[in-house]
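# Descriptive structure summary
The primary structure of each chain is shown beneath.
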Amino acid sequence: MTTDSCVIPVIKTPTDYQAYRISPHDTNRLAIVFDPTIANMSLTYCVEIFDVGGKTPPNRHQLAVEMFFVLKGEGKATCDGKTVPIQAGDSILVPPTGIHEIENTGSGRLYALCLMVPNEDFAELIRSGTPVELDEEDMAVLRRSDALLPC
């Protein structure tokens, strides 16, 4: 099979991620991995980091499907009044118009990959917030080097 073009993938590392706190009083931060300007398609892919006790405000999207994969920590996910416990390795799929929130109920930070398709101005909302730095703990989780640390 012969192709006339080669697509070069976009590769980023955690040091390339831009993190934001949407509102000054938010207890979660979002680190953008890919968005429509980088991916050239309508999606937002980020890492959501919840401080101890942190949570998203209840929210919904008109068209977008939002998916989460819990990297580390534990919490609870609520969608349309139904609440389930979540922990590392769990996946959550939120349908369009589902009123949902994620809350960190653990003793450490909660980390989740978040993918929203289509973007529905999510990346723009994140970027309208206050830029924040990812700290050593964040970088260890994102590089999975925290798995090497003794318990």
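Just above sits the structure.
The text that follows walks through the structure, step by step, so that each part is easy to find. (Residues numbered from 1 in each chain as written. Predicted model: local features only at pLDDT ≥ 70, side-chain atom pairs only at ≥ 80, totals over all residues. Heavy atoms only, no water.)

## Comments concerning the nonpolar core
As a reminder, the rule being used: Among the buried residues, those of types Ala, Val, Leu, Ile, Met, Phe, Trp, Tyr and Cys that are joined through side-chain atoms within 4.5 Å form a nonpolar core. Relative accessibility under 20% of the residue-type maximum defines a buried residue, over 50% an exposed one, and the middle range a partly exposed one, all with a 1.4 Å probe and only protein chains included. Secondary structure elements are defined from DSSP: runs of H or I of at least 4 residues count as helices, runs of E of at least 2 residues count as strands, and each element is numbered from the N terminus. By definition, residues are in contact when any of their heavy atoms lie within 4.5 Å.
Counting residues in hydrophobic clusters, the biggest one holds 19 residues, and the most contacted among them are Phe68, Ile86, Ile92, Ile102, Phe122 and Ile126. For this core, the secondary structure elements donating two or more residues are β2 (28–34), β3 (44–50), β4 (65–72), β7 (91–94), β9 (110–117) and α2 (122–127). When residues no more than four places from it in sequence are discounted, the contact partners of Phe68 are Glu48, Asp90, Ser91, Ile92, Val94, Ile102, Ala112, Leu113 and Cys114. Formed by 13 residues, the second largest nonpolar core is a distinct cluster that contains Val33, Ile49, Leu134 and Leu142.

## A word on the sheet that holds strand β5 (residues 74–79)
To keep things clear, this is the line we draw: Pairing between two strands requires that DSSP report at least two bridges joining them. A fitted line through C-alpha atoms represents every axis, and for helices the fit uses only the stretch in contact; the resulting angles, taken between N-to-C directions, go from 0 to 180 degrees.
Strand order in the open sheet formed by three strands is β6-β5-β8, with antiparallel pairing between adjacent strands. Looking at the sheet topology across the chains shown, the edges are occupied by β6 (82–87) and β8 (100–104). Direction aside, the axes of adjacent strands within the sheet are offset by 20 degrees on average. Examined bridge by bridge, β5 and β8 share five bridges and lie antiparallel to one another. Counterpart to Gly75 in the pairing with β8 is Asn104.

## As for the environment of Asp26
What counts is decided by this rule: We call two N or O atoms a polar contact when they sit within 3.5 Å, provided that within protein one can donate a hydrogen and the other can accept it, with sequence-adjacent residues counted only if both atoms are side-chain atoms.
Mapped onto the elements of the fold, Asp26 is located in the loop between β1 (18–21) and β2. Each C-alpha atom, one on Asp26 and one on Thr56, is 7.8 Å from the other, the two residues being 30 residues apart in sequence. Of the polar contacts made by the side chain of Asp26, one reaches the backbone nitrogen of Ser23; its length is 3.0 Å.

## Overview of the side chain of Glu48
Summarising the element assignment, Glu48 is placed in strand β3. At 2.6 Å, the side chain of Glu48 and the side chain of Asn28 are in polar contact. Excluding anything up to four places from it in sequence, Glu48 contacts Asn28, Arg29, Leu30, Thr56, Phe68, Leu110, Tyr111 and Ala112.

## Here we look at the packing of aromatic side chains
Centre distance and the angle of the planes are the two values used to describe a pair of aromatic rings. Note the following rule: Each aromatic pair joins two rings of Phe, Tyr and Trp (for Trp, the six-membered one) with centres within 6.5 Å, and gets the label stacked for planes under 30 degrees apart, edge-to-face for over 60, and tilted for any other angle.
Scanning all chains against the criterion turns up one aromatic pair. Between Phe34 and Tyr45, the aromatic rings sit 6.1 Å apart at their centres with planes inclined by 25 degrees, giving stacked as the arrangement. In this pair, Phe34 is assigned in strand β2 and Tyr45 in strand β3, connecting sequence segments eleven residues apart. Judged by relative accessible area, which is 19%, Phe34 ranks as buried. Judged by relative accessible area, Tyr45 falls into the partly exposed class, the value being 26%.

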